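The residues making up each chain are set out below.
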Amino acid sequence: DGELCLSRSLVNSSDKIIRKAGSTIFQHSVQGWKINSSLVLEIRKNILRFLDAERDVSVVKSSFKPGDVIHYVLDRRRTLNISHNLHSLLPEVSPMKNRRFKTCAVVGNSGILLDSGCGKEIDSHNFVIRCNLAPVVEFAADVGTKSDFITMNPSVVQRAFGGFRNESDREKFVHRLSMLNDSVLWIPAFMVKGGEKHVEWVNALILKNKLQVRTAYPSLRLIHAVRGYWLTNKVPIKRPSTGLLMYTLATRFCDEIHLYGFWPFPKDLNGKAVKYHYYDDLKYRYFSNASPHRMPLEFKTLNVLHNRGALKLTTGKCM
Ligand code: CTP
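These numbers come from a predicted model, not from an experiment.

1. As for the site of the ligand
Logical step 1: Taken together, the neighbourhood of the ligand is formed by 19 residues, with N109, N132, G243, H277 and H293 sitting nearest.
Logical step 2: Within the side chain of N109, a nitrogen or oxygen atom sits 3.0 Å from an oxygen atom of the ligand.
Logical step 3: H277 is positioned such that a nitrogen or oxygen atom in its side chain is 2.6 Å from an oxygen atom of the ligand.
Logical step 4: Notes on the ligand: free accessible area 570 Å², of which the protein chains cover 94%.
Logical step 5: Split by residue class, the shell around the ligand holds seven nonpolar, eleven polar and one charged.

2. Some points on the pattern of salt bridges
Logical step 1: A complete count under the given rule lists 14 salt bridges for this structure.
Logical step 2: In this structure, R44 and D255 form a salt bridge, with 3.2 Å as the shortest nitrogen-oxygen distance. Residue R44 is found in helix α3 (residues 37-48), and its partner D255 is found in strand β8 (residues 254-260); the two are separated by 211 residues along the sequence.
Logical step 3: The class for D255 is partly exposed, based on a relative accessible area of 43%.
Logical step 4: In this structure, K275 and D281 form a salt bridge, with 3.7 Å as the shortest nitrogen-oxygen distance.
Logical step 5: One network of salt bridges, with partners in common, ties together R55, D56 and R221.

3. A word on the packing of aromatic side chains
Logical step 1: By the definition in use, this model includes 16 aromatic pairs.
Logical step 2: Geometrically, the ring pair formed by F101 and F127 is stacked, given 4.3 Å between the ring centres and 20 degrees between the ring planes. Taken together, the positions of F101 in strand β3 (residues 101-107) and F127 in strand β4 (residues 127-130) put the pair 26 residues apart, joining distant regions of the chain.
Logical step 3: Judged by its relative accessible area of 2%, F127 is buried.
Logical step 4: Judged by centre distance (5.3 Å) and plane angle (90 degrees), the rings of F265 and F299 are edge-to-face. Here F265 is found in the loop between β8 and α13 (295-307), whereas its partner F299 is found in helix α13, with 34 residues between them in sequence. This pair shows no difference in class: F265 is buried, exactly as F299 is.
Logical step 5: Here the aromatic cluster, defined as three or more aromatic residues joined through ring pairs, consists of F50, Y229, W230 and Y247.

4. Notes on the confidence of the model for the chain
Logical step 1: Chain-level pLDDT for the chain is 91 on average; 90% of the residues reach the 70-or-more range.
Logical step 2: Across residues 5-19, where pLDDT falls below 50, the model places 26 contacts with residues more than four positions away in sequence or in other chains.
Logical step 3: The ipTM value of the predicted complex is 0.97, and its pTM value is 0.93.

5. Description of the packing of α3 against helix α12 (residues 242-253)
Each packed pair of helices is defined by two parameters, the angle between the axes and the distance between the axes.
Logical step 1: Across the interface, α3 lies against α12 with an axial gap of 9 Å and an inter-helix angle of 110 degrees. Of the possible angle classes, the one that applies to α3 and α12 is roughly perpendicular. By crossing handedness, the relation of α3 to α12 is classed as left-handed. Together, I43, R44, I47 and L48 of α3 and Y247, T248, T251 and R252 of α12 make up the contact between the two elements.

6. Overview of the state of the cysteines
Logical step 1: Taken as a whole and judged by the stated rule, the model has two disulfides.
Logical step 2: Residue C104 pairs covalently with C254 via a disulfide, S to S 2.0 Å. Sign of the S-S torsion, about -85 degrees for the bond between C104 and C254, identifies this disulfide as left-handed. Linking C104 in strand β3 with C254 in strand β8, this pair joins segments that are 150 residues apart in sequence. The pair C104 / C254 is uniform in exposure class, with both members buried.
Logical step 3: Each bonded cysteine in the chain gets a number by its place in the sequence, and the pairs come out as 1-3, 2-4.

7. Focus on the side chain of D68
Logical step 1: Looking at where D68 falls in the secondary structure, it is placed in the loop between α4 (53-56) and β1 (69-72).
Logical step 2: One polar contact links the side chain of D68 to the main-chain amide nitrogen of K65, over a distance of 2.9 Å.
Logical step 3: Those residues within four positions of D68 in sequence are excluded, and the remaining contacts are L80, N81 and I82.

What counts as what
- Residues numbered from 1 in each chain as written.
- Predicted model: local features only at pLDDT ≥ 70, side-chain atom pairs only at ≥ 80, totals over all residues.
- Heavy atoms only, no water.
- Near = heavy atom within 4 Å.
- Polar contact = N/O pair within 3.5 Å; in protein donor to acceptor, adjacent residues only side chain to side chain.
- Areas by Shrake-Rupley, 256 points an atom, 1.4 Å probe, with all protein chains shown as cover.
- Nonpolar A, V, L, I, M, F, W, Y, C, P; charged D, E, K, R; others polar.
- Salt bridge = Lys/Arg side-chain N within 4 Å of Asp/Glu carboxyl O.
- Helix = DSSP H or I, 4+ residues; strand = E, 2+ residues; numbered from the N terminus.
- Buried < 20%, exposed > 50% of the residue type's maximum accessible area, 1.4 Å probe, protein only.
- Phe/Tyr/Trp six-rings, centres within 6.5 Å; stacked < 30°, edge-to-face > 60°.
- pLDDT = per-residue confidence, 0-100.
- Contact = heavy atoms within 4.5 Å.
- Axes fitted to C-alpha atoms, helices over the stretch in contact; angles between N-to-C directions.
- Parallel < 35°, antiparallel > 145°, perpendicular 65-115°, else oblique.
- Left-handed = near helix turned anticlockwise from the far one by under 90°.
- Disulfide = S-S within 2.5 Å.

This is the structure we're talking about:
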């Protein structure tokens, strides 16, 4: 019926089995992989029952006026004021309106990309989605440089740009954004309290430097809708990771979705250590309950979809 049909046992087996990240359950052959177009259409249709990515990818100017008070999506007791700057950066219409692509790349940030030589292949897709403003230039051979849509959790300001404490941090940030030209910069500003100052600084820098990026701020219902879709398909995700959110959104716009940089495990299939991010030394407890994400379960789900031809997952070297 086109639903994912992930069996209960598959999902329930989650963490214990996933710990054996060297085992064959993660193997997916890239050779002989073929797109299953009717499954792609079914999945798109099913996801559309939960969200319309064209609309939910961003709130628009007419959604709010400056001074409006909204409740955070994952922290309903706390509120945020829509500032003038934020309001002025809301798009007039969805930045993804009427955009359709034959092939798209969704690039996750796993260290599995290092030494992959996938840069050219990634850049050859019609639309390239990246996560959390990950650096590309120094890693171009493995990750490519093209970027049409890039996400930025507010925490990135602290993590990668020193909290904008020095002029040089701000310059580095402005430089990174200026390289994006007019691609979409997607900032989940309404999820949880904590990052509002960072979002305001980002907004101010974009305005001050007249940067070309097309800012987008996901709708208040997006995350619940995405969770709802996966839950209905028996994939119990507490909070979808950015990568899974991007795949879910991309099903609306892309006929063929290729995933790179998805590997939430500390070792590769040969037992070699894999960095959590290809570009920094962040450590991650893949199986910790403290983490908001269930990336190994997400990965397993994406692997099933790969094997059924709904998407293509590349975790090895590109030819
Ligand atoms: N990812 C992965 N394996 C990793 C690291 C990342 O599969 N070792 C994928 C995940 O789907 C993740 C995406 O790449 O969402 C982008 O990585 P990151 O920037 O770390 O994503 P976040 O979801 O924002 O993670 P966090 O909330 O921990 O910052």
